[in-house]
Amino acid sequence: MAPSWKALLPFLVVIPISIWTKQVIPGLFVALLLGSYLIDPALLGGLRTMLSYMVDNIMQTNNIRIIIFLYVFAGLISMIKYTGGIKGFVHLISKKVKTVRSALMLTWISTMVTFSDPDFRIITIAPIMKALKKRLGLSSQQIGFTIEVTSNPVVALIPLATAFVGYMVSVIDKALKTAGIDAKPYIVYVKSIPFNFFSFTIIIVGLYYSFFKYSKKAEARTVEEKTEKSVPAQRWNERLAFEFAEEKMTDMNKGEKENPNEAQGEEREGMESCPRTYNKETPIKPWNLIVPLFIMLVLTLFLSWWDGHKGAKTFFDAFLRSDALGAMLEALLITVIITVVYFFFQKFKIADLLTHFVKGGNELMSVILMLTLIWALSAVSEDLGFSQYITDNVKDWIPHYFVAPVLFLLGALISYFIGSSWGTWGMLMPLGVTLAHESGTNILLVIGAVFASGTFGAFASPLSDNTVTLCTILDLPVMEYARTKLVPAFIAAGMAAVLFGVMSFVMR
């Protein structure tokens, strides 16, 4: 089909509809349907074309592997939850924490164990911090901020054994094919990680807020509350300090002193009130979390090295040569088999394990549907002549040194309104890579900008599933909590935008 301005219509439609509905899937569906009817405008022609594109793209080898990986990974986490792995880990860690600083340090260090998925990290760590909240005098907002800043931003930077890797490699692969670039998508992804500037800046800002900013403001605010109780809490740190002081004053007025037994009872009650993590009947078995994750990480590293070690000059070169997605999928399947046997010898019924495996996998069906629509939309856009039209026209509108910062700011705005990092990545990656390729902008920088923009929304948006899950566990009002994150999020985003601008001049 001859390229024309019509090739831009699917991308011009998907963004406003996604923002309007606050959901990515409706926007992708309408854009795909529109693109299909542009190809075949007959009464049922567009519908048949859309179904054809969806089926054809699902049946591609890499896409099928990604779907299997996501489904099986979610199923594994569900089995771990059912067998008491998460609950056991919560009980194990909560006994070791004695001070506020050690609690915050635990939150950061625990990333090394719970990095595989943001929601998995939240439902593992949030109950621990909720249980310790009253005993240590922690603020709910401070707890939430510290957990979230070490969730999505950190997971997006880890190139192995996470739920993100397969998806991120997939959108890069589709974007590279759309732009006509012959490169290994996993290698491109790994090389783009240093340019996800928002993840790095929000982690730095998060460290400052967690260990320094809050502590100073909380102490000052506590003194002020003794003489002036009516001062409103408006800003981020003032709101945190107000909650901290209010909790302390309540305890003083009641004249209650907690003994260890009472504290344990409160912690148990706090942890049992987190239904997404476990229920009261769930056993306490921390090794049911530690063992499967350790096996999966070791197998992923070994199989990735093994797949690429022939002809590799260095250990890291072996990883770059390997079929990373294939190695991770193989490691995951072996881990599931070993884990089921491990749980079976603990007297868990195979039927119950299978039920929870399927239940966990089904929770990702919306993500799988979104992926299918993204793959099909990219293929439709390419057949409409999207890349050629960009080459002939749009590349001259935007100077190369504006591509990365503009994409970051646009993506940050979109991701904030739709609350989805994955949706933002899927919508913007084909456009971003094509613009970068045709305008002479460094592709790694642009890919980093797209990933950074989605990470901003996943962290800052009140519609983010991470935010909603966290607020549900910590009993926080979603909108109020989301507003408290805006100041540090804007600080980090501003720093990232400057870095994208500077690096656009440095790199070509």
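What counts, and where the lines are drawn
- Residues numbered from 1 in each chain as written.
- Predicted model: local features only at pLDDT ≥ 70, side-chain atom pairs only at ≥ 80, totals over all residues.
- Heavy atoms only, no water.
- Helix = DSSP H or I, 4+ residues; strand = E, 2+ residues; numbered from the N terminus.
- Contact = heavy atoms within 4.5 Å.
- Areas by Shrake-Rupley, 256 points an atom, 1.4 Å probe, with all protein chains shown as cover.
- Axes fitted to C-alpha atoms, helices over the stretch in contact; angles between N-to-C directions.
- Parallel < 35°, antiparallel > 145°, perpendicular 65-115°, else oblique.
- Left-handed = near helix turned anticlockwise from the far one by under 90°.
- Nonpolar A, V, L, I, M, F, W, Y, C, P; charged D, E, K, R; others polar.
- Phe/Tyr/Trp six-rings, centres within 6.5 Å; stacked < 30°, edge-to-face > 60°.
- Buried < 20%, exposed > 50% of the residue type's maximum accessible area, 1.4 Å probe, protein only.
- Lys NZ or Arg CZ within 6 Å of the ring centre and 35° of its normal.
- Patch = residues over 30% accessible without salt bridge, like charges linked within 9 Å, V, L, I, M, F, W, Y side chains within 5 Å.
- Salt bridge = Lys/Arg side-chain N within 4 Å of Asp/Glu carboxyl O.
- Polar contact = N/O pair within 3.5 Å; in protein donor to acceptor, adjacent residues only side chain to side chain.
- pLDDT = per-residue confidence, 0-100.
- Core = buried A, V, L, I, M, F, W, Y, C linked by side-chain atoms within 4.5 Å.
- Expected span 1.5 Å × (residues − 1).
- Bend = angle between axes of the 7 residues up to and from the residue.
- 1 Å grid on protein atoms, 1.4 Å probe; cavity = no way out; pocket = protein on both sides within 12 Å on 5 of 7 lines; lining within 4 Å.
- Points joined across faces, edges and corners; volume = space filled by probe spheres on them.

### So, the overall build of the protein
Logical step 1: A tally of regular secondary structure across the protein gives 27 helices and zero strands.
Logical step 2: By sequence separation, contacts in the protein at least 24 residues apart represent 79% of the contacts at least 6 residues apart.
Logical step 3: A total of about 21,700 Å² of accessible surface is found on the protein, and carbon and sulfur atoms cover 66% of it.

### Describing unusual backbone geometry
Logical step 1: Positive phi is not limited to glycine here, since Lys-347 has a value of about 80 degrees.
Logical step 2: For Lys-347, the position within the fold is in the loop between α18 (324-344) and α19 (350-362).

### Some remarks on the packing of helix α3 (residues 45-58) against helix α20 (residues 365-383)
In a packed pair of helices, the relevant descriptors are the angle between the two axes and the axis-to-axis distance.
Logical step 1: Where α3 meets α20, the axes come as close as 8 Å, and the angle between the chain directions of the two elements is 115 degrees. Judged by the angle between their axes, α3 and α20 are roughly perpendicular. Judged by the sense of rotation from one axis to the other, the crossing of α3 with α20 is right-handed. Judged by residue contacts, Tyr-53, Met-54, Asn-57 and Ile-58 of α3 engage Thr-372, Leu-373, Trp-375, Ala-376, Ala-379, Val-380 and Asp-383 from α20.
Logical step 2: Here the contact of α3 with α20 is built from residues that sort into eight nonpolar, two polar and one charged.

### Topic: the packing of helix α12 (residues 185-192) against helix α24 (residues 443-460)
Logical step 1: Relative orientation of the contacting elements α12 and α24 amounts to 75 degrees, with a least axis distance of 9 Å. Relative to α24, α12 is oriented roughly perpendicular. Residue-level inspection shows Val-188, Tyr-189, Lys-191 and Ser-192 of α12 in contact with α24, the latter providing Leu-444, Ile-447, Gly-448 and Phe-451.
Logical step 2: For the contact of α12 with α24, the residue count by class is five nonpolar, two polar and one charged.

### So, the packing of aromatic side chains
Logical step 1: As enumerated under the stated definition, the model contains 20 aromatic pairs in all.
Logical step 2: Ring plane angle 40 degrees and centroid distance 6.1 Å describe the contact between Phe-302 and Trp-305, whose orientation is recorded as tilted. With Phe-302 and Trp-305 both in helix α16 (residues 287-308), this residue pair falls three residues apart, about one helical turn.
Logical step 3: The exposure class assigned to Trp-305 is partly exposed, which follows from its relative accessible area of 26%.
Logical step 4: Pairwise contacts between aromatic rings join Tyr-82, Tyr-342, Phe-343 and Phe-348 into one cluster.
Logical step 5: Over the ring of Phe-459 we find Lys-485, and its NZ or CZ is 5.2 Å from the ring centre.

### A look at a nonpolar patch on the surface
Logical step 1: A surface patch of nonpolar side chains, about 530 Å² in accessible area, is lined by Ile-337, Val-341, Phe-344, Phe-345 and Ile-350.
Logical step 2: It is α18 that contributes the most residues to the nonpolar patch, three residues altogether.
Logical step 3: The topology assignment puts Phe-345 in the loop between α18 and α19.
Logical step 4: Classification of Phe-345 by relative accessible area gives exposed; the value is 64%.

### Concerning the side chain of Asn-152
Logical step 1: Take Asn-152: it is sitting in helix α10 (residues 152-155).
Logical step 2: The exposure class assigned to Asn-152 is buried, which follows from its relative accessible area of 3%.

### Regarding the environment of Ser-199
Logical step 1: Secondary-structure assignment places Ser-199 in helix α13 (residues 197-227).
Logical step 2: In sequence terms Ser-199 and Ala-156 are 43 residues apart; their C-alpha atoms lie 7.6 Å from each other.
Logical step 3: Apart from residues lying up to four places away in sequence, Ser-199 is in contact with Pro-153, Ala-156, Leu-157 and Thr-455.
Logical step 4: Within polar-contact distance, the side chain of Ser-199 engages the backbone oxygen of Pro-153 at 3.1 Å.

### What about the confidence of the model for the protein?
Interpreting fine coordinate detail is not advised for predicted regions of low pLDDT.
Logical step 1: Mean pLDDT over the protein: 77, with 81% of residues reaching 70 or higher.
Logical step 2: Throughout residues 217-267 the model reports pLDDT below 50, and contacts reaching past four residues in sequence, or to other chains, amount to 62 contacts.
Logical step 3: Counting contacts from residues 269-273, a segment whose pLDDT is below 50, to residues more than four positions away or on other chains yields twelve contacts.

### Observations concerning the pattern of salt bridges
Logical step 1: Scanning the model with the defined rule gives two salt bridges in all.
Logical step 2: A salt bridge links Asp-173 to Lys-177; the nearest nitrogen and oxygen atoms lie 3.5 Å apart. Of this pair, Asp-173 and Lys-177 are both found in helix α11 (residues 163-179), four residues apart, which corresponds to roughly one turn of the helix.
Logical step 3: For Asp-173, a relative accessible area of 13% gives the class buried.

### Section: the nonpolar core
Logical step 1: Tyr-189 and Phe-198 are the most contacted members of the largest nonpolar core, which has 138 residues in total.
Logical step 2: Not counting residues within four places of it along the chain, the set of residues in contact with Phe-198 comprises Phe-408, Ala-452, Thr-455, Phe-456, Phe-459, Ala-489, Ala-492, Ala-493 and Ala-496.

### Some thoughts on helix α23 (residues 421-439)
Logical step 1: When the terminal C-alpha atoms of α23 are compared, their 25 Å separation across 19 residues agrees well with the 27 Å that a helix rising 1.5 Å per residue should span.
Logical step 2: Leu-428 marks the point of greatest bend in α23, at about 40 degrees, and the proline Pro-430 comes within the next four residues.
Logical step 3: Within α23, 17 of the 19 residues are buried, leaving the element largely enclosed by the surrounding structure.

### Let's talk about empty space enclosed by the protein
Logical step 1: Across all of its chains, the model carries two cavities of 30 Å³ or more by this definition.
Logical step 2: Considering the residues around the largest cavity, the lining is formed by Phe-11, Leu-28, Ile-374, Leu-377, Ser-378, Gly-426, Met-427 and Pro-430.
Logical step 3: Sorting the residues of the lining of the largest cavity by element identifies α20 and α23 as the ones contributing at least two each.
Logical step 4: Here the lining of the largest cavity is built from residues that sort into six nonpolar, two polar and no charged.
Logical step 5: Within this model, the second largest cavity holds a volume of roughly 30 Å³.
Logical step 6: As for the second largest cavity, its lining consists of Ala-156, Leu-157, Met-168, Tyr-189, Ser-192, Ile-193, Asn-196, Gly-448 and Phe-451.
Logical step 7: Elements that contribute at least two residues to the lining of the second largest cavity include exactly α12 and α24.
Logical step 8: Of the residues belonging to the lining of the second largest cavity, the class tally is six nonpolar, three polar and no charged.

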